[in-house]
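# Architecture and fold: a report
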Amino acid sequence: MGRYPSFTPLAAPLLTIWSLIGHAAMPWLRRHARKRLQQGRENRTRLPERFARAGMPRPSHDGPLLWVHAASVGESRCILPVVSQLLADSPKLTILMTTATLTGGETVAAHPASHTGRLIHQLIPYDAPHLLERFMAYWQPIGLVLTESELWPGLLCLSRQKKLPVMLLNARLSPRSAARWRWASPLLRHLLEACHWIMPRSMDDAQAFARFGIGPLLPPADLKEDSPPLPFDASEAVTLRRQLGERSIFVAASTHPGEEEIIIAAARQAKKERPDLLTVIIPRHPERGKELAQTHQAPCRSKGQVPGGGDDVWIIDTLGEVGLFFQLAERVFIGNSLVPPGGGHNPLESLHFRRPTAIGPYMQNWTALCARHAGSLHPVEHQEALARWLKARHLPSPRPPQQNQAGRQAIRLIKDTILTKKSF
């Protein structure tokens, strides 16, 4: 664990080429940012962060700063327990956490350490080396922890040039990604030489990396299997249960476009036999909530609306309340799995609450995990199968998943790596 990635001649041409592309792409990136702003996917006050203009000052103390990057909500949730323990173990450490999405940032901002100044959130800049150069010069991180498949050429090449230790947790290389990289495997190998070590998410991912000749690979460990249950407001759960009465609550979590129509149609089929059924839709991207509420003539949580006796669908477009509705749920469906290309989301989040959980046929991002927990997950191939599952009045409660030691292992590895550069 003591070696740092060597700088090979290929890295300089790659960085030069990507820098030229980055400069040439700036007009397009500005248009792209404005379009995302119009779509509600960016915040005007935070848009400069996409161009490496810091949204807050760097800590004034001389303690070390570790950079952690997570794409969005799911990745942030799985890495935050590691962040918490690193901060607890190292009082002088500050962690800068970047995300690619606003919702990921709001997940970070809800963490208690964000209010102490020891956990700072920024939106990650676009992958143009001149922007990243400005970002790194400002924040001066001593190491970079990446999660899953956040493998950006500019970021990796620049980190390698600067000899910044890069660590890849929950490393994922899906069959689709592997097929795309097959024709550029030397490039992938050179990019990932920036990594001091790679901890694959599963044995399948480890084998996929190994087939490309990528290393050093550590034993597979999935941080998402080590995550604690989602938090929820217990008093709000009591209030909502009182408001909803004895209705049976079916939660469809992290849904994507094309799924809601199928889910609602299946639920309405089941409602003919279970008239008390209330379907709660939690879209993966909350900004879709108002449109969904309008389309399906449903009350919307962000507007403070609560379903009445005549409502059979409720749209939850607020942040940080998935755990609350898992607590209230009788059963759960995991979204992004019912229509292609899908890929699925983390089914352990509902299993932690011991809720009967259904998944669609497109859970390819979670193949190994679903296989390990097959006895607790109910596959539904289409609308009719989902309707049949919803009609069943009594379903056994699954066992809660057992935590592994992935988080503890990740903490030790991160410390071993950055302590060799600068003690804290």
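None of these values were measured; they are calculated from a predicted model. (Residues numbered from 1 in each chain as written. Predicted model: local features only at pLDDT ≥ 70, side-chain atom pairs only at ≥ 80, totals over all residues. Heavy atoms only, no water.)

## A word on the environment of Leu168
If you trace the backbone, Leu168 turns up in strand S5 (residues 166-171). Among the residues examined, Leu168 registers a relative accessible area of 0% and is labelled buried. Linking Leu168 and Leu96, residues 72 residues apart in sequence, is a C-alpha distance of 16 Å. Once residues within four sequence positions are removed from consideration, Leu168 is found in contact with Leu146, Thr147, Glu148, Leu151, Cys195, Trp197, Ile198 and Met199. (Helix = DSSP H or I, 4+ residues; strand = E, 2+ residues; numbered from the N terminus. Buried < 20%, exposed > 50% of the residue type's maximum accessible area, 1.4 Å probe, protein only. Contact = heavy atoms within 4.5 Å.)

## Observations concerning the UniProt feature "domain: 3-deoxy-D-manno-octulosonic-acid transferase N-terminal" (unreviewed entry) in the protein
Residues annotated by UniProt as "domain: 3-deoxy-D-manno-octulosonic-acid transferase N-terminal" (unreviewed entry) correspond here to residues 46-216. Within the segment residues 46-216, helix and strand shares are 40% and 20% respectively, and the terminal C-alpha atoms sit 37 Å apart. (UniProt positions renumbered as here; feature names shortened; annotations may be inferred.)

## Focus on the nonpolar core
If you look at the biggest cluster of nonpolar residues, it comprises 43 residues, and the most contacted ones within it are Trp67, Leu155, Leu156 and Leu192. Among the elements that take part in this core, helix H5 (residues 129-139) stands out by supplying five residues, more than any other. Filtering out sequence-adjacent residues up to four positions away, Leu156 remains in contact with Leu146, Leu151, Val166, Leu191, Leu192 and Ala194. Listed in part, the 31 residues of the second largest apolar core include Val82, Met97, Ile142 and Ile414. (Core = buried A, V, L, I, M, F, W, Y, C linked by side-chain atoms within 4.5 Å.)

## Examining the pairing of strand S8 (residues 277-283)
Across the seven residues that make up S8, a large majority, seven, are buried. Because side chains alternate across S8, one face comprises the buried residues Leu277, Thr279, Ile281 and Pro283, and the other comprises Leu278, Val280 and Ile282, equally buried. Across seven bridges, strand S7 (residues 248-255) lies against S8 in parallel orientation. When the sheet's bridge partners are listed, Ser248 is paired in S8 with Leu277. As judged from the three bridges shared by S8 and strand S9 (residues 313-315), these two strands associate in the parallel manner. Across the sheet, residue Thr279 finds its bridge partner in S9, namely Val313. On the question of chirality, the crossover connecting S8 to the parallel S9 by way of helix H12 (residues 289-295) is right-handed. (Pairing = 2+ DSSP bridges. Right-handed = clockwise from strand over helix to strand, strands pointing away.)

## Quick notes on the pattern of salt bridges
Scanning the entire structure with this criterion turns up 19 salt bridges. Residue Glu42 is joined to Arg36 by a salt bridge in which the shortest nitrogen-to-oxygen separation is 2.7 Å. Comparing Glu42 with Arg36, the two get one shared label, buried. A salt bridge links Arg160 to Glu193, with the shortest nitrogen-to-oxygen separation between them at 2.7 Å. (Salt bridge = Lys/Arg side-chain N within 4 Å of Asp/Glu carboxyl O.)

## Quick word on the environment of Ala267
Looking at the secondary structure, you find Ala267 in helix H11 (residues 259-271). A relative accessible area of 4% means that Ala267 is categorised as buried.

## Regarding the packing of helix H3 (residues 73-89) against helix H17 (residues 406-419)
In the contact formed by H3 and H17, the axes pass within 10 Å of each other and the chain directions differ by 50°. The angle between H3 and H17 places the two elements in the oblique class. Every pair of crossing elements has a handedness; the one defined by H3 and H17 is right-handed. Note on element contacts: H17 touches H3 through Gly407, Ala410, Ile411, Ile414 and Lys415, opposite Val82, Gln85, Leu86 and Asp89. Among the residues making up the contact of H3 with H17, the classes are represented as five nonpolar, two polar and two charged. (Axes fitted to C-alpha atoms, helices over the stretch in contact; angles between N-to-C directions. Parallel < 35°, antiparallel > 145°, perpendicular 65-115°, else oblique. Left-handed = near helix turned anticlockwise from the far one by under 90°. Nonpolar A, V, L, I, M, F, W, Y, C, P; charged D, E, K, R; others polar.)

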